[in-house]
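Structure assessment
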Amino acid sequence: MNKFFTLGIILLSVLIACDKENINLREEPQPHEIVKKLLFIGGDTYHIADTAQTIRIGVDCNIDYNIEIIEEASHWITLKKDTLSKKGYVTRASISQNQNADWISLNISQNKTNDLRYGKIVINNTHYELSDTLSIIQSAKRNYYSDGSYIRILEATKGDVNLIIMGDGFTKKDLEIGGFYEQSMLDATNHFFATEPFKSYRDFFNVYMVVAESNEEGVGENNLSGAIDNKFGSAFGVGTEIVCDKEQIFEYAHKIKELPLNTPLTIIVVLNSTKYAGTTYLYANGNSIALCPMSNKPSPNDFEGIIRHEAGGHGFGFLADEYVYYQQVIPEQRKQEIKEWQALGFQMNLDFTNDSTAILWKAFIGLDKYQKVGIYAGGYEYMYGVWRSENNSCMNNNIPYFNAQSRWSIVNRIMNLSGINFTFQDFIKTDKPESPIIMKARSIKDTSFIPLGKPVWIR
C-alpha cells in the first residue's frame, strides 16, 4: 500500500513539473516576424518638365523587387543600365543605399509633343504579394518665340498709328509663348493706354511686339566692368540716364513687314531691370525710342509711371519736361532748343510768355471745362522765364494725368498720323479731362525728387 502511494506521489510530481514547464514555455515571448515593406517615397505622382532629364526615385523597402514600366510609356521612360541586376531584377546589393531608402534612376526623354505625357512605374515582389505604383506626368512641349519674330498684339480699327514694343536683357528662358517676355510687353502696352487721352484713342493704334533674345540677363552699367551681353547694349549711365544701340533697335523694328515706309516709329524698349531710370531718344523725323525699366518703386515712379512719362509723354507726345529743378531763369540756349523743336510741332506744352492772349494754350483759358488751365511758372528744369499750363501733370512727376495742352498735343498727333482731319473744336467735344490723383505740384524744396534721364533730341 505504501509502495503504491509513494509511486503515485512521484507520478503526480512529474505531471506537475511538466505542466509548469509548459506554462513557462507559453509565457516566454516569441520573436516577432519582420514586416515586409515595398513602396515609393515622396507620394504617388511626379510632375516633371518637358526637357530630357534623369530623375532619381526613392524606394522604402527591405526586400528585393522587380521594376516594370507600363508599355505605353516605355518609349520615353527607361531605366538606367546600372539599376538592374544581371538577373533582370533589383536587389539591395545592386542599388545604392541612402539610410533607409533605395534609389532607382530613370531616363526621361524630351517631350516634343503639344500634349502632356503620362507614365506608370510599378515595383513588385510576387513572393510577398507586395507592389506600389508611381505615376509620372511630363509637361507638354514649351513653345518659344524666336529672336527677331514679331506679333501684332493690338489692331487699329479707327486710325493708323504704329507702336512697337520690344525688350532688352531677356534670355531664352523668358521667351516661352505666354511667358515672362510676352507678359512684360503686354504690361507695357496696358500701362501706355492706362491714362487719357491714350485710353480713349486705343483703337487708333496698331501695337507690335518684336522678340529680342539676349545672351545675358539684365541691364549693364555704362563702363567696362559692368557690361552685360544684352541685345541692344542697354546700360545705365549717370543718374537715371540709359544708353543703348539705337541703330540695332531700329533694325529690329523694321523686321515688321507690315510697317509702311517713311512712317514715324514710336518704339518702347522694356528693360529687364527693376531700377528707377528712363531715357527717351527723339528724332526730328518723328521717330522715338523710350527706354523703360520695370521699376519696382511705389507709384507714380513704378513701371507704369515710367511708361507714361517716357513713352507716352516724351516718346509719342514729344512733350518737354515740366518739373523745376533749378530756381533760376532758363538759359537762352535752352529756350532756343525748345523753340527749334516747336517749329516742328513738338514740345508744345511749354511757352516763354505769360501773356494769356498769346500763350500756346490760350484757347483753353476761361472755358468751364478747363478751369485748371492757367499760366504756371516753371518747366524744363527752370523756375523762371518758362511757363506750363497747369499746376501738375505727368511731365512733372509721372502722375497718371496729362494736362489739357499735353492731351491736345497727343491727340493732334494721333490724328495727323492717321490722316484724319481733326480740329481743336473736335478735341474740346471729345476730350475727357481726368482729375489727377495728386494735384499738388512737387516743391522745389523736395530733395527726394529724382528726375528721369533728360530726353535726347536728335535732329
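Keep in mind the model is a prediction, meaning the values are calculated, not measured. (Residues numbered from 1 in each chain as written. Predicted model: local features only at pLDDT ≥ 70, side-chain atom pairs only at ≥ 80, totals over all residues. Heavy atoms only, no water.)

Here the focus is the overall build of the chain. For the chain, the helix and strand inventory stands at eight helices and 22 strands. Considering only contacts in the chain between residues 6 or more positions apart, those separated by 24 or more positions represent 69%. By element, 51% of the accessible surface of the chain is carried by carbon and sulfur atoms, the whole surface being about 23,500 Å². (Helix = DSSP H or I, 4+ residues; strand = E, 2+ residues; numbered from the N terminus. Contact = heavy atoms within 4.5 Å. Areas by Shrake-Rupley, 256 points an atom, 1.4 Å probe, with all protein chains shown as cover.)

Glancing now at the pattern of salt bridges. Within this structure, the stated rule accounts for 14 salt bridges. A salt bridge links Arg-152 to Glu-155, with the nearest nitrogen and oxygen atoms 3.4 Å apart. Arg-152 gets classed as partly exposed once you look at its relative accessible area, which sits at 40%. The partner of Arg-308 in a salt bridge is Glu-304, and the shortest N-O contact between them spans 3.1 Å. Of this pair, Arg-308 and Glu-304 both sit in helix H4 (residues 303-316), separated by four residues, roughly a single helical turn. (Salt bridge = Lys/Arg side-chain N within 4 Å of Asp/Glu carboxyl O. Buried < 20%, exposed > 50% of the residue type's maximum accessible area, 1.4 Å probe, protein only.)

Another aspect to go through is the sheet that holds strand E4 (residues 66-69). One open sheet holds the four strands; their spatial order is E2-E9-E8-E4, and the pairing between them is mixed. Edge positions in the sheet fall to strand E2 (45-48) and E4, since each has one partner strand and no second. Ignoring which end each strand starts from, the neighbouring axes of this sheet average 20° apart. Two strands pair when backbone bridges link them, and strand E8 (residues 117-125) and strand E9 (residues 130-138) are joined in this way by nine bridges, in the antiparallel orientation. Directly across from Val-122, in E9, lies its bridge partner Thr-133. (Pairing = 2+ DSSP bridges. Axes fitted to C-alpha atoms, helices over the stretch in contact; angles between N-to-C directions.)

Here we take up the sheet that holds strand E11 (residues 161-168). Adjacent strands of a sheet form backbone hydrogen bonds with each other and so pair up, either parallel or antiparallel. The mixed open sheet is built from seven strands, whose spatial order is E10-E12-E11-E16-E18-E17-E22. This sheet does not close on itself; its edge strands, each paired only once, are strand E10 (150-154) and strand E22 (456-458). Each neighbouring strand pair of the sheet contributes to a mean axis angle of 20°, computed without reference to strand direction. Where strand E17 (residues 279-283) and E22 come together, three bridges link them in parallel fashion. Within E22, the residue paired with Leu-282 across the bridge is Trp-457. Packing of H4 onto the sheet brings it into contact with E11, strand E12 (205-210), strand E16 (266-271), E17 and strand E18 (288-293), and relative to E18 it is tilted by some 170°.

Between its first and last C-alpha atoms helix H2 (residues 180-192) spans 18 Å; for 13 residues at 1.5 Å apiece the expected length is 18 Å, and the two agree. For H2, the complete set of buried residues consists of Tyr-181, Glu-182, Ser-184, Met-185, Ala-188, Thr-189, His-191 and Phe-192. The inward-facing, buried residues of H2 abut E10, E11, E12, E16 and H4. (Expected span 1.5 Å × (residues − 1).)

What follows is about the packing of aromatic side chains. Going through the model one piece at a time under the given rule, you end up with 26 aromatic pairs. Considering the side-chain rings of Phe-193 and Phe-205, the 5.2 Å spacing of their centres and the 75° angle between planes classify their relative orientation as edge-to-face. Of this pair, Phe-193 sits in the loop between H2 and E12 while Phe-205 sits in strand E12, and the two are twelve residues apart along the sequence. By relative accessible area, Phe-193 is classed as buried at 3%. When the ring of Phe-424 is compared with that of Phe-427, the centres are 6.4 Å apart and the planes differ by 35°; the resulting orientation is tilted. Of this pair, Phe-424 and Phe-427 both sit in helix H8 (residues 424-430), three residues apart, roughly one helical turn. (Phe/Tyr/Trp six-rings, centres within 6.5 Å; stacked < 30°, edge-to-face > 60°.)

This brings us to the packing of H4 against helix H7 (residues 404-418). At a minimum axis separation of 10 Å, H4 and H7 run at an interaxial angle of 65°. Where H4 crosses over H7, the handedness of that crossing is left-handed. For the pair formed by H4 and H7, the contact residues are Gly-312, Gly-315 and Phe-316 on the first element and Ile-410, Arg-413, Ile-414 and Leu-417 on the second. (Left-handed = near helix turned anticlockwise from the far one by under 90°.)

To continue, consider the nonpolar core. If you look at the biggest cluster of nonpolar residues, it comprises 76 residues, and the most contacted ones within it are Met-166, Phe-192, Phe-205, Ile-267 and Phe-364. With six residues, H7 is the single largest residue contributor to this core. Each residue touching Met-166, except ones within four places of it in the same chain, is listed here: Tyr-181, Met-185, Val-210, Phe-232, Ile-249, Tyr-252, Ala-253, Ile-267, Ile-268, Val-269 and Val-270. Of all hydrophobic cores here, the second largest spans 22 residues; its members include Ile-55, Trp-76, Ile-77 and Ile-121. (Core = buried A, V, L, I, M, F, W, Y, C linked by side-chain atoms within 4.5 Å.)

Summarising the element assignment, Tyr-380 is placed in the loop between strand E20 (376-379) and strand E21 (381-388). On the basis of relative accessible area, Tyr-380 is assigned to the buried category, the value being 6%. For the pair formed by Tyr-380 and Ile-338, sequence separation is 42 residues and the distance between their alpha carbons is 9.1 Å. Excluding its chain neighbours within four sequence positions, the residues that come into contact with Tyr-380 are Ala-320, Asp-321, Glu-322, Tyr-323, Ile-330, Arg-334, Glu-337, Ile-338, Gln-347, Leu-350 and Trp-457.

This part is about the side chain of Ser-418. Note on placement: Ser-418 falls in helix H7. A polar contact is formed between the side chain of Ser-418 and the backbone oxygen of Ile-414, at a distance of 2.9 Å. Once you skip the residues sitting within four places of it in the chain, Ser-418 turns out to touch Gly-159, Asp-160, Val-161 and Phe-204. (Polar contact = N/O pair within 3.5 Å; in protein donor to acceptor, adjacent residues only side chain to side chain.)

Nothing here speaks to function; it is all geometry.
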